[in-house]
Amino acid sequence: MSISKKLKDQLVVPSLEQLAWQDMELGMFCHFGINTFCDQEWGEGKDAPSLFNPDQLDAKQWVRSAKEAGFRYFILTAKHHDGFCLWPTATTDYSVASSPWKEGQGDVVQECADACREEGIGFGIYVSPWDRHEPCYADPQKYDDFYCRQLEELLSGYGPLVEIWFDGAGSEGREYDWPRIMDLVKRYQPGAMVFNMGAPTIRWVGNEDGVAPYPCWNTADSSRGSMFSEESLKWLPETPGWVPAECDVPIRKDRWFWHPDEEHLLLSVDQLMEIYYRSVGHGATLLLNVAPDQRGLLPEADVKQLLAFGGEIERRFGRALAEISGSGEVTQLTLPRTCVIDHVVVMEDIAFGERVSQYVLEAIIDGAWLELTRGSAIGHKKIDAFSPVTTDKVRLRVLESAASPVIKSMAVYRCGE
């Protein structure tokens, strides 16, 4: 077994918070706001707050649907690019406090935070730096003060956050006071993941298709800022070397907010499973958007598809035929009996870093070791699918690594019908 000098020189390890976040694997994104009532994706900040009136809003339905589908965290668009705030902020009157919903006494952020705590899943917030409504946005210093006041309200008022999502869209070429912003995060939410800007602890995968390239290494020193620029973001010097990828995608093709009569855009379960294989199965985390409608409820068709997706993940990977852990260049698994298998799922113990850079999976077939598949990165999780074979022994041989491999799990499955 050879040692990759490149990986050895760069071998870093995740924080405990990053480990916990990567183990969650599946998050649900929730785009909801004034756009929901205007049949638009990007508002200009000119839509009247009086339009916002989700008279059946039920955050418990949103979060319970995510939980039932096997998702482990939930992220709400507390403020999108239009500047409309889903909490009663003291910074602007462009918020739920100026809407007829609950006679201006409502707080969507609080309802989501409470629902996540009740269901036992992580809660995160999306807070767009770009604000198309706020007049002082044209004055960078004044807007930094404004934005930091908004962040302080959110970071200090809603309990522990698992993630803070900074969207780079619309901010191309704009410099915000990221040292100040990161100080607020460290003060109020030191355990939260920071998405892609400032001094991030997780990064954008670089597309809105929900798929990670392969290999998708956990170490990085830059990332694209948005779909609208090829430029890499300038991260602060204290950004860790370990910055795992998150893959975001809407369950309705290319539509983040709800729009009427678009159920035909729902991705099929097969399409969602292909995304799962190319996100979670490439060692990244999947953030799937499901948008509430004007009632304030997730549409029945979307919930049905979400639950079907979660059910298919459970059907395929809920129970392994056999599983083992190991260390060193060979990990061998003997099945309890001869079985037909078509998937092997391998996880490194990434607490020790991402060590494997080349591997091969083999099985005993007709008395000899034959290759099933091979790859490079394993990282948090690598899902390998192959044509069904009948065997009673499977092994992982590491061909190249940065240090002695530590395999947290190698499990075999029969996922076909």
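Bear in mind that the values here come from a model prediction, so they are computed numbers and not experimental data.

**Student:** Summarise the overall build of the chain; cite the residues concerned and give the values.
**Tutor:** Across its full length, the chain carries eight helices and 17 strands. For 417 residues, the compact-globule estimate of 2.2 N^0.38 gives 22 Å, and the C-alpha radius of gyration of the chain, at 23 Å, lies within 12% of that figure. A principal-axis box enclosing the C-alpha atoms of the chain has dimensions of 75 × 45 × 35 Å. Scored against the burial criterion, the 417 residues of the chain give a buried share of 60%. Across the chain, the fraction of contacts at a sequence separation of at least 24, relative to all contacts at a separation of at least 6, is 76%. Total accessible area computed for the chain in this model is approximately 16700 Å², and 47% of it derives from carbon and sulfur atoms.

**Student:** Which residues make up the packing of aromatic side chains, and what values do they have?
**Tutor:** Aromatic ring pairs are reported here in terms of the distance separating the ring centres and the angle at which the planes meet. In the structure shown here, the tally under the stated rule is 27 aromatic pairs. With 5.8 Å between their ring centres and 20° between their planes, Tyr 143 and Tyr 147 make a pair best called stacked. Of the two residues, Tyr 143 and Tyr 147 are both situated in helix α5 (residues 140-157); the distance of four residues between them amounts to about one turn of the helix. An aromatic cluster is defined as three or more aromatic residues linked by ring pairs; in this entry it consists of Phe 32, Phe 37, Phe 52, Trp 62, Phe 84, Tyr 94 and Trp 101. The ring of Tyr 214 carries the charged tip of Lys 382 above its face, separated from the ring centre by 4.7 Å.

**Student:** How would you summarise the sheet that holds strand β11 (residues 285-289) if you had to cite specific residues and measurements?
**Tutor:** Taken in spatial order, the eight strands of this open sheet run β6-β5-β4-β3-β2-β11-β10-β7, and their pairing is parallel. With partners counted over all chains shown, the strands left at the sheet margins are β6 (193-195) and β7 (203-204), one partner each. In this sheet, strand β3 (residues 73-79) lies alongside strand β2 (residues 26-30) in parallel orientation, the contact comprising four bridges. Note on β3: the bridge partner recorded for Phe 29 is Ile 75.

**Student:** Any chance you could break down the packing of helix α3 (residues 59-68) against helix α8 (residues 300-317) for me, citing the residues and the numbers?
**Tutor:** Remark: α3 packs on α8, axes separated minimally by 8 Å, with the N-to-C direction vectors making an angle of 25°. In this view, α3 runs roughly parallel relative to α8, as classed from their interaxial angle. Residues Gln 61, Ser 65, Ala 66 and Glu 68 of α3 form the contact with α8, whose own contacting residues are Val 303, Leu 306 and Leu 307. Partitioned by chemical class, the residues of the contact of α3 with α8 number four nonpolar, two polar and one charged.

Cut-offs used in this document
Residues numbered from 1 in each chain as written. Predicted model: local features only at pLDDT ≥ 70, side-chain atom pairs only at ≥ 80, totals over all residues. Heavy atoms only, no water. Helix = DSSP H or I, 4+ residues; strand = E, 2+ residues; numbered from the N terminus. Rg over C-alpha atoms; globule rule 2.2 N^0.38 Å. Buried < 20%, exposed > 50% of the residue type's maximum accessible area, 1.4 Å probe, protein only. Contact = heavy atoms within 4.5 Å. Areas by Shrake-Rupley, 256 points an atom, 1.4 Å probe, with all protein chains shown as cover. Phe/Tyr/Trp six-rings, centres within 6.5 Å; stacked < 30°, edge-to-face > 60°. Lys NZ or Arg CZ within 6 Å of the ring centre and 35° of its normal. Pairing = 2+ DSSP bridges. Axes fitted to C-alpha atoms, helices over the stretch in contact; angles between N-to-C directions. Parallel < 35°, antiparallel > 145°, perpendicular 65-115°, else oblique. Nonpolar A, V, L, I, M, F, W, Y, C, P; charged D, E, K, R; others polar.

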